Amino acid sequence: MRMKQMKSGVMLLLAGIGLLGGCTSSKQEVSGEPESLVQYVEPRIGTAHCRWFHFAPGALPFGLAKPAPATNAHVGNKSGWEATGYDYRDTSIEGFPCLHEFQVGGIVLMPTEGPLKTVPGAVGSSGEGYRSAFDHADEIATAGYYSVLLKDYNITAELTATKRVAYQRFSFPESENSRILFDIGNRQGDSGPAQDAEIIITDDGLVEGWVTTLPEYSKKYQAGATVTMYFSARLDKKPDSFGTFIGEKVQEGARAVKGVGSGAYLTYKTTEGESITAQVGLSYTSVANARLNRETETDHGKLSFDEAREASHKTWEEYLGRIRVETPVREDKVKFYTGLYHAVLGRGLASDVNGAYPRNDGTCGQIPLKEGKPAFSFYNTDGIWGGQWNLIQVWALAYPEYLSDYVSTHLQVYKDAGWLGDGIACSRFVSGVGTNQLGNVIAAAYQCGIRDFDVETGYAAARKNELDGENRPMGAGKLDTDKFVKYGYVPHLDKGTGADEAWMFSASHTLEYSFGAYAVAQMAKQLGKTDDYEKLMDLSKGWERIYDSELNLIRPKTEDGRFIENFDPMQVWRGFQEGNAWQYTFYVPHDAKTLIGKMGEDVFNQRLDSIFLVSQKKIFSGGMEIDAFSGLQSLYNQGNQPCLHISWLFNESGRPDLTQKWVRAILDEFYGTDGIHGYGYGQDEDQGQLGAWFTISSIGLFDITGLSAADPSFSVGSPLFDKITIQLNDTYYKGDSFVIEAKNNSKENTYVRKRLLNGEALDGLRIPFSTVTSGGRLELEMSALPVDTN
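My aim in this report is to walk through the structure given alongside it, one point at a time.

1. Re the overall build of the protein chain
Each helix and strand in the protein chain was counted, giving 19 helices and 36 strands. Scaling as 2.2 N^0.38, a compact globule of 790 residues should have a C-alpha radius of gyration of about 28 Å, and the protein chain matches this with 26 Å. Principal axes of the C-alpha set define a box for the protein chain whose edges measure 80 × 65 × 55 Å. Buried residues in the protein chain amount to 65% of all 790 residues. Put simply, 70% of the contacts in the protein chain that link residues at least 6 apart link residues at least 24 apart. A total accessible area of about 26,300 Å² is found for the protein chain, and carbon and sulfur atoms account for 48% of it.

Okay, here's the thing in structure tokens:
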């Protein structure tokens, strides 16, 4: 039933935005206009047990305003991820929050009709609170626009946005008691408990205020670090009456209220189908800046909902069009563009139009101005753990301007706080995994030629991240860096004190830190830092110090140099974070040839191939169990970061045919197109990481080192598509576009028989990043038969 409803919703979506039907296609073909790509974005994919920031169809790419419907946003997050916001399995909507970021969320609007209700009611309840039943068949959800019929009230709600302004338009029935609620003072998603709030209905009709929350992860990574969200809303109709509330305590006619649970309501007399639009300016620095953001981006209210929606549509077409794929298989296009959509949806703006931004200490900072404008944009972000195998490659290739700002954001936090913070919510440290791979990111950006950030500070921050363990705060992660530098590996403890990240993950940390040391070493070499290069390269061999050559497995080792006893390679958490020895043994992307040599090429290939054969039976992860951590105790887990490069290792071990085979199988089987089977079954998409992996892998390019090598390059695999055209940013790169064409491509012809780069035979399996970004053409001849040589 749900599948049928989703398909119905998709059809409605396409019809609603004019992208379905022969006439539209014919006009595009006759005019020569490129095919619209927004039609392939289905934001509801994978929304069963995903994350709070995953579903925000009203937003712009990397936007601050992220309006979306919520079905369970208020329920609380004991572990940090329970309240997903929107779960495809839920049947009622409790409101439309304007903000959806990692550990950040709030500013809820909800239209109602009839008796005043001021609490949302329990998830799944009917008639309890102000929530309303809805049907997926009555939804339109795509990139930049959302609409739904609230069945309890016969109200249609629509969402879109500019960068910092959420637009919410509500079409009411004829009624004396149509209302818009502003439920401001309560927790939303994983933003944590509300600490205080205030809402004011001004004399000139604005609704303004703020809410302060304590993110769940702040409690651990930066104690007491609250986040405040500010708003300034303009509505295009004056209410007939109004009031405030805290919970169910209502003050009719009151203009202001302060405290946890604060809210306000506006009551209107409406005619049938009458629409009222709220333009909600948002900021993380002040109400004044929320007002400035709104006035600037809406041209003082003149920009209508439909105009904002059309502008959003054009922006999404441009962003999605940076990588244009061609195939007769519609399902693959839906997977691709939904994955790309998620890769550029999360990690959104946190700075205002004037360059004000939230500082790590809770005050307001100012981005330096360049020709009267902020020199860069400042962003919120989940941790980048594993991002070198997905987001970083997609951003470097198609969105280098964002990667540059992403680096500058973290360097600003470094300047303000003295340390890089892997995950940041309004600059506050909220890592989530207690590690920190930003050194890899800074090095990769530099090696790719993205160097318009503060390179000197960038190197200093990356170096400190890899080598400095003294007085390291929890929010900077890598709390055992001092041990890694001292011993060349992280010694194992079966019991420790303090946070798990400080002592429990000796082996996985050794592997991560070895990789990070390698990446920053390459940058050090480029900058002439010879002593640093040699020290970091020695540390990059840390993985060898805990490699058990008898078992051919990574095995935790104690301070005295002995391997741990009672070793179970499948055991999770004992030395390995969110994984086990079977998975983590392959976590040597920077030195894969040495790892293969230690095992022996045949043993390596046989073991890895058998792992995929077994894992395929569980859809390469946790089977059909809807749980973000269901694949941890398995041989392979596509649903989590530590494994995301492994299927590409056959390209390093003389069996590229097996990379081609297994990557294509993962693309076809792990990824789905419905609300439940989207990214595995309920797996953790982490602000676009699994979507970005699909994007980069499906075009047949991937780099296991995350583009951090001295001369970064892509390894070539088996493209899912017949033709791929990558538009290049001429501010950063020499070329206009890079085209990949797979001849005779099909679901049966998955193996690459011949490779031609710009008309000449490709020597080996790698293409330098600089060659790709100089523009050109890669032609692949596909076959149903494997070719097992390089």
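2. Some points on the pattern of salt bridges
The tally for this structure, following the rule as stated, stands at 40 salt bridges. Two residues, D454 and K415, come together in a salt bridge whose shortest N-O distance is 3.4 Å. Of this pair, D454 sits in the loop between helix 9 (438–447) and helix 10 (455–467) while K415 sits in helix 8 (residues 400–417), placing them 39 residues apart in sequence. Judged by relative accessible area, which is 32%, D454 ranks as partly exposed.

3. Overview of the environment of T271
Summarising the element assignment, T271 is placed in the loop between strand 16 (262–270) and strand 17 (274–283). Those residues in contact with T271, other than ones at most four positions away along the chain, are F172, P173 and E174.

4. A look at helix 7 (residues 391–398)
Most of helix 7 is tucked away: 8 of the 8 residues are buried. Considered for burial, the residues of helix 7 that qualify are L391, I392, Q393, V394, W395, A396, L397 and A398.

5. Regarding the packing of helix 15 (residues 592–599) against helix 16 (residues 601–616)
Helices that pack against each other are described as a pair by the angle of their axes relative to one another and the distance between those axes. Orientation of helix 15 relative to helix 16, taken along the N-to-C sense of each, is 100°, at an axis distance of 6 Å. Taken as axis vectors, helix 15 and helix 16 run roughly perpendicular relative to one another. Taking contact as the criterion, the partners of L595, I596 and M599 in helix 15 are, on helix 16, E601, V603, F604 and R607.

6. Observations concerning unusual backbone geometry
Leave glycine aside and you will find that most residues have negative phi; peptide bonds, for their part, are mostly trans. Phi at H49 is positive, roughly 50°, even though this residue is not glycine. Inspection of the secondary structure assignment puts H49 in the loop between helix 2 (22–31) and strand 1 (92–93). For E371, which is not glycine, the phi torsion reads 55° and is therefore positive. Within the element layout of this structure, E371 appears in the loop between strand 21 (369–370) and strand 22 (373–374).

7. Description of the sheet that holds strand 16
The 6 strands lie next to each other as 2-3-9-16-13-14, forming an open sheet whose pairing is antiparallel. Edge positions in the sheet fall to strand 2 (96–101) and strand 14 (249–252), since each has one partner strand and no second. Geometrically, the sheet is characterised by an average inter-axis angle of 20° between neighbouring strands, direction not taken into account.

8. Side note on the environment of F55
Within the secondary structure layout, F55 lies in the loop between helix 2 and strand 1. Relative accessible area serves as the criterion here: at 2%, F55 is assigned to the buried category. Separated by 14 residues in sequence, F55 and P69 have C-alpha atoms that sit 8.4 Å apart. Dropping the residues within four chain positions of it, F55 is found in contact with P43, R44, T47, A68, P69, Y86, H100 and Y146.

Here is what the cut-offs are and how they apply
Residues numbered from 1 in each chain as written. Predicted model: local features only at pLDDT ≥ 70, side-chain atom pairs only at ≥ 80, totals over all residues. Heavy atoms only, no water. Helix = DSSP H or I, 4+ residues; strand = E, 2+ residues; numbered from the N terminus. Rg over C-alpha atoms; globule rule 2.2 N^0.38 Å. Buried < 20%, exposed > 50% of the residue type's maximum accessible area, 1.4 Å probe, protein only. Contact = heavy atoms within 4.5 Å. Areas by Shrake-Rupley, 256 points an atom, 1.4 Å probe, with all protein chains shown as cover. Salt bridge = Lys/Arg side-chain N within 4 Å of Asp/Glu carboxyl O. Axes fitted to C-alpha atoms, helices over the stretch in contact; angles between N-to-C directions. Parallel < 35°, antiparallel > 145°, perpendicular 65-115°, else oblique. Pairing = 2+ DSSP bridges.

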